Amino acid sequence: MIFYTEEIKIDQAEKLLASCNLKCPEGVDYTVGVFLQENSVQETCNGKDRLVGCGSMKKDMIQGIAVDPAFQGEDLTAKILTHLIQKAAAQGITSLYLFTKPEKAMSFTGLGFHQIISARPYAALLEWGSGGIEEYLETIRKYRKSKTGADDKAGSDPVCGLVMNCNPFTKGHRYLVEKAAGSCSQVYLLVVEEDKSLFSFQDRMNMVKDGVRDLKNVTVLPGGRYAVSELTFPSYFTKDENLAAAHAAVDAELFAQKIAPALGINQRFIGTEPLSAVTKIYNETLKQRLPKYGITVTEIPRLSCSMEFGISSCCGDFQTQSCSGGICDFAGDTSGKIFDIEHPPVSAILVRQLLAELSGTHLVEGDFRQESGSLRLPLKIDSTPKNGRIKKEL
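Basis of the calculations
Residues numbered from 1 in each chain as written. Predicted model: local features only at pLDDT ≥ 70, side-chain atom pairs only at ≥ 80, totals over all residues. Heavy atoms only, no water. Helix = DSSP H or I, 4+ residues; strand = E, 2+ residues; numbered from the N terminus. Buried < 20%, exposed > 50% of the residue type's maximum accessible area, 1.4 Å probe, protein only. Contact = heavy atoms within 4.5 Å. Areas by Shrake-Rupley, 256 points an atom, 1.4 Å probe, with all protein chains shown as cover. Pairing = 2+ DSSP bridges. Right-handed = clockwise from strand over helix to strand, strands pointing away. Salt bridge = Lys/Arg side-chain N within 4 Å of Asp/Glu carboxyl O. Axes fitted to C-alpha atoms, helices over the stretch in contact; angles between N-to-C directions. Phe/Tyr/Trp six-rings, centres within 6.5 Å; stacked < 30°, edge-to-face > 60°. Parallel < 35°, antiparallel > 145°, perpendicular 65-115°, else oblique. Left-handed = near helix turned anticlockwise from the far one by under 90°. Nonpolar A, V, L, I, M, F, W, Y, C, P; charged D, E, K, R; others polar. Disulfide = S-S within 2.5 Å. Core = buried A, V, L, I, M, F, W, Y, C linked by side-chain atoms within 4.5 Å.

Draft legend 1. Spatial organisation of the overall build of the chain. Of regular secondary structure, the chain possesses eleven helices and 16 strands. Across the 394 residues in the chain, those meeting the buried criterion constitute 52%. Taking the contacts inside the chain whose residues are at least 6 apart along the sequence as the reference set, 67% of them involve residues at least 24 apart. Total accessible area on the chain stands at roughly 18,500 Å², and carbon and sulfur atoms take up 49% of it.

Draft legend 2. The pairing of strand 9 (residues 186-191), seen in detail. Burial runs high along strand 9: six of the six residues are buried. Two strands pair when backbone bridges link them, and strand 8 (residues 159-164) and strand 9 are joined in this way by six bridges, in the parallel orientation. Residue pairing across strands places valine 163 opposite leucine 190, the latter belonging to strand 9. The β-α-β motif built from strand 8, the intervening helix 5 (residues 171-183) and the parallel element strand 9 has right-handed crossover chirality.

Draft legend 3. Spatial organisation of the pattern of salt bridges. If you walk through the whole model with that rule in mind, you get twelve salt bridges. Between aspartate 68 and arginine 50 there is a salt bridge; the shortest N-O distance is 2.9 Å. Placement of aspartate 68 in the loop between strand 4 (61-67) and helix 2 (76-90) and of arginine 50 in strand 3 (residues 50-58) is noted, with a sequence separation of 18 residues between them. Judged by its relative accessible area of 11%, aspartate 68 falls in the buried class. Residue class for arginine 50 comes out partly exposed when judged on its relative accessible area of 38%. Arginine 174 is paired through a salt bridge with aspartate 214; the nearest N and O atoms lie 2.7 Å apart.

Draft legend 4. The sheet that holds strand 8, seen in detail. In spatial order, the strands read 10-9-8-11-12; together these five strands make up an open sheet with parallel pairing. The sheet terminates laterally at strand 10 (218-222) and strand 12 (296-300), the two strands that pair on one side only. Neighbour to neighbour, the strand axes of the sheet diverge by 25° on average, direction disregarded.

Draft legend 5. Geometry of the packing of aromatic side chains. Here the structure, examined in full by the defined rule, presents five aromatic pairs. A centroid spacing of 5.1 Å and a plane angle of 45° characterise the contact between tyrosine 136 and tyrosine 226, whose relative ring orientation is tilted. In this pair, tyrosine 136 sits in helix 4 (residues 132-141) while tyrosine 226 sits in the loop between strand 10 and helix 7 (235-238), placing the two residues 90 residues apart along the sequence. This pair shows no difference in class: tyrosine 136 is buried, exactly as tyrosine 226 is. Here phenylalanine 233 and tyrosine 282 contribute two aromatic rings whose centre-to-centre distance is 4.9 Å and whose plane-to-plane angle is 45°, an arrangement assigned as tilted. Linking phenylalanine 233 in the loop between strand 10 and helix 7 with tyrosine 282 in helix 9 (residues 277-289), this pair joins segments that are 49 residues apart in sequence. Given the relative accessible area of 0%, phenylalanine 233 is considered buried. Feature note: the residues Tyr97, Tyr136 and Tyr226 constitute an aromatic cluster, connected by ring pairs.

Draft legend 6. Quick look at the packing of helix 8 (residues 241-263) against helix 9. It is the contact of helix 8 with helix 9, at a shortest axis distance of 9 Å, that shows an interaxial angle of 40°. Looking at the two axes, helix 8 sits oblique to helix 9. Every pair of crossing elements has a handedness; the one defined by helix 8 and helix 9 is right-handed. Residues Glu241, Ala244, Ala245, Ala248, Ala249, Asp251, Ala252 and Glu253 of helix 8 form the contact with helix 9, whose participating residues are Ala277, Val278, Ile281, Tyr282, Thr285, Leu286 and Arg289. For the contact of helix 8 with helix 9, the per-class residue count stands at ten nonpolar, one polar and four charged.

Draft legend 7. The arrangement of the sheet that holds strand 2 (residues 30-36) in detail. Taken in spatial order, the seven strands line up as 1-2-3-4-5-7-6 in an open sheet, and their pairing is mixed. Either end of the sheet is taken by a strand with one partner, and the two such strands are strand 1 (3-7) and strand 6 (114-119). Neighbour-to-neighbour, the strand axes of this sheet turn through a mean angle of 25°, independent of strand direction. Bridging between strand 5 (residues 95-100) and strand 7 (residues 123-129) involves six bridges; their strand directions are antiparallel. Counted as the bridge partner of phenylalanine 99 is leucine 125 from strand 7. Across the face of the sheet, helix 8 comes into contact with strand 5, strand 6 and strand 7 while running at roughly 115° to strand 6.

Draft legend 8. The arrangement of the state of the cysteines in detail. Per the stated rule, a full pass over the model turns up zero disulfides. Cysteine 54 provides the cysteine sulfur closest to cysteine 20, a residue in no disulfide bond, and the two sulfurs are 7.4 Å apart.

Draft legend 9. Geometry of the environment of serine 235. Within the secondary structure, serine 235 sits in helix 7. With a relative accessible area of 1%, serine 235 lands in the buried category. In sequence terms serine 235 and alanine 248 are 13 residues apart; their C-alpha atoms lie 8.5 Å from each other. In this structure, serine 235 is in contact with Asp240, Leu243, Ala244, His247 and Val278, ignoring residues within four places of it in sequence.

Draft legend 10. The arrangement of the nonpolar core in detail. With 44 residues, the main nonpolar core has Tyr136 and Leu190 as its most contacted residues. Secondary-structure elements contributing two or more residues to this core are strand 6, strand 7, helix 4, strand 8, strand 9, helix 7, helix 8 and helix 9. Among the elements that make up this core, the one with the highest residue count is helix 8 (twelve residues). Not counting chain neighbours up to four residues away, the residues in contact with leucine 190 comprise Tyr136, Leu162, Val163, Met164, Leu221, Pro222, Gly223, Ala227, Ile259 and Leu263. Within the second largest apolar cluster, 27 residues are counted, among which are Cys166, Ala181, Leu215 and Val218.

Written out as structure tokens, the structure is:
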């Protein structure tokens, strides 16, 4: 039998993927098909040659690897991966990642991939190429304050880990950090590095650093590819509840098996989540999985309106609570700087978008005014039960 590879559209592989009980991946950049050559001449265009294998790439993620059950044992997985690795190398990509079922992980190790973690019963995460998890761990070890050796727990001292998006950094976030800092000898705050939020990673990083500068036992560091990222926890950004449990398990195992030992973390602080179903699933997953690795999970009640405003990144409960106050009442002074055009990370359009998200509705025209050449936001949340609109302070 003669097999050959050729670029195809992802929808051409839908039937084959379904036969292997796989969903068609979305938003892929490239898909290759493996065809069985039926005649002496390749005839993919008229459909005479049979599609028996496929695989796709989305940035540095390999997805949708499938081989027709009738042709398993023909080493077609290796043919697909070799083709995708060569394609990635031609694009300057030096590392690749893929998810597979835990029981199938060994079949990829002979092809140059190595397993990072296994999150049974859902998935195993594997990687290929240079850099990767070990380079990341070496980077975050430089932030470690403990004098103990790498990958040792920091003795009996409580050492806390926090992972936050901070979009933007609010008083609720500050409240959670304070709780952790007051209970632990050292706190490592990992800021989600994925640039898929309203505020850029660098803006969020700056807000967090400014917001906790006075807490001397708090170290702020980037989350990288392995802490609540599009790689480890894509449903955090897509809000896909159907996949949240699997993604949360992968992210939790990465934290427990890799990140926590590198920093000597033995506690994880989280805030209660009454609004986001995906985040609630994540919290429950952390509480189930981390204690198995000697990591205590402490869940802090959300900061309510009576305690100053929400603990979430978006304070989404403004829509249902009778809260009123200026934007800096919930974001605090350090994040409030972002809303000044003299500090240019965020445009007026982004500010409008944020406020619309906070209210769960749309903004009324004329909600902004200029002061001394800078955009100021003397805005309040309408406390009437109409639509939760944002109105201008008079």
